[in-house]
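# Coordinate inspection notes
Here's the letter readout for the chains.
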Amino acid sequence: MSRRSLAATAAQNSDARLAALFADARINPDSASPRFLQVCLAIRERIQSKQLLHGERLPSEAEIGAWFGVSRITARRAVAELVGMGLAERQRGRPPTVNFQSTRQRGAIEDLLQNLLVLGERTTVKVIEFAYVPASPSIAAALEVPQGEPVQHVLRMRLDDGQPLSLIETFVPADLGRRYERADMEALSLQALFRRLGVQVARAEQSFTACLALGREARLLGVEAGAALFRVTRTVYDQGGRPVEHVTSLYRSDRYEYQMSLVRAGGTWKRA
């Protein structure tokens, strides 16, 4: 079979797969949600569940119109919304394609901190807030400083392939924080800054929980209010036992996964 025939066969298989994927596509004409948004959310669900894969073409406007029973204008707007969300991209002369790759980590739960730190080596960071604020009761307790004492507060967004992955909110004692600037927080991780300052980190206490995205968090992360997030809360101590950082990180559950392998041995599950 020629290369052209192989390409044609692959295209036909792709068309058939898309048609099957949207065989039950419907919109609710009585819904208060606009039709373009219903179409957008239906396609988004198939992207985030990985039924539509990164780099795969999206349904054409004609296909969306036929499958959902909407006009081409509605179909075009739905695709534009997906592009605006960062879930699809347009390339000149080619149909829009899926732009979605979740960040996946593997390992044991005790290695999770290290894996999260590794993310910092291949993602970019944008500083949203950098200020000194009075320590709230909870922050004062975590950093073991008097309530109301100034502490450095920084809110950063971590981006993976240009798309929001997480929000990181850190609180640091003011005497440490004043030894570096806002620009340093965009160029280096806080752990790297500590090493530069000669602060020797010895241990950390951390917890992992699930939570829901609230108003501002949802807006910054580009998710709907109420979307599931993965929260990591950590207090870091130096060799003298002094708390030098309290951080809360919120990860988009649709862009971050953590996996581990288990084996059954002696009646119990153990990591492979």
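Residues numbered from 1 in each chain as written. Predicted model: local features only at pLDDT ≥ 70, side-chain atom pairs only at ≥ 80, totals over all residues. Heavy atoms only, no water.

Attention now moves to the packing of aromatic side chains. Applying the stated criterion to the full structure yields five aromatic pairs. Where phenylalanine 22 meets tryptophan 67, the ring centres are 5.6 Å apart and the plane angle is 10°; that geometry is what we call stacked. Taken as a pair, phenylalanine 22 in the loop between α1 (3-21) and α2 (35-48) and tryptophan 67 in helix α3 (residues 61-68) lie far apart in primary sequence, 45 residues in all. Take tryptophan 67: its relative accessible area is 21%, and that puts it in the partly exposed class. (Phe/Tyr/Trp six-rings, centres within 6.5 Å; stacked < 30°, edge-to-face > 60°. Helix = DSSP H or I, 4+ residues; strand = E, 2+ residues; numbered from the N terminus. Buried < 20%, exposed > 50% of the residue type's maximum accessible area, 1.4 Å probe, protein only.)

A few words on the pattern of salt bridges. Evaluated as defined, the whole model comprises eight salt bridges. In this structure, arginine 216 and glutamate 129 form a salt bridge, with 2.7 Å as the shortest nitrogen-oxygen distance. Note that arginine 216 is positioned in helix α10 (residues 215-221) and glutamate 129 in strand β4 (residues 124-134), a separation of 87 residues in sequence. Residue arginine 216 is classed as partly exposed on the basis of its relative accessible area, which comes to 40%. Arginine 203 is the salt-bridge partner of glutamate 205, the closest N and O atoms lying 3.0 Å from each other. A relative accessible area of 40% means that arginine 203 is categorised as partly exposed. (Salt bridge = Lys/Arg side-chain N within 4 Å of Asp/Glu carboxyl O.)

On to helix α9 (residues 190-197). Burial analysis of α9 places six of its eight residues in the buried class, which makes it a mostly covered element. Those residues of α9 that fall on the buried side of the exposure criterion are Leu190, Gln191, Ala192, Leu193, Phe194 and Leu197.

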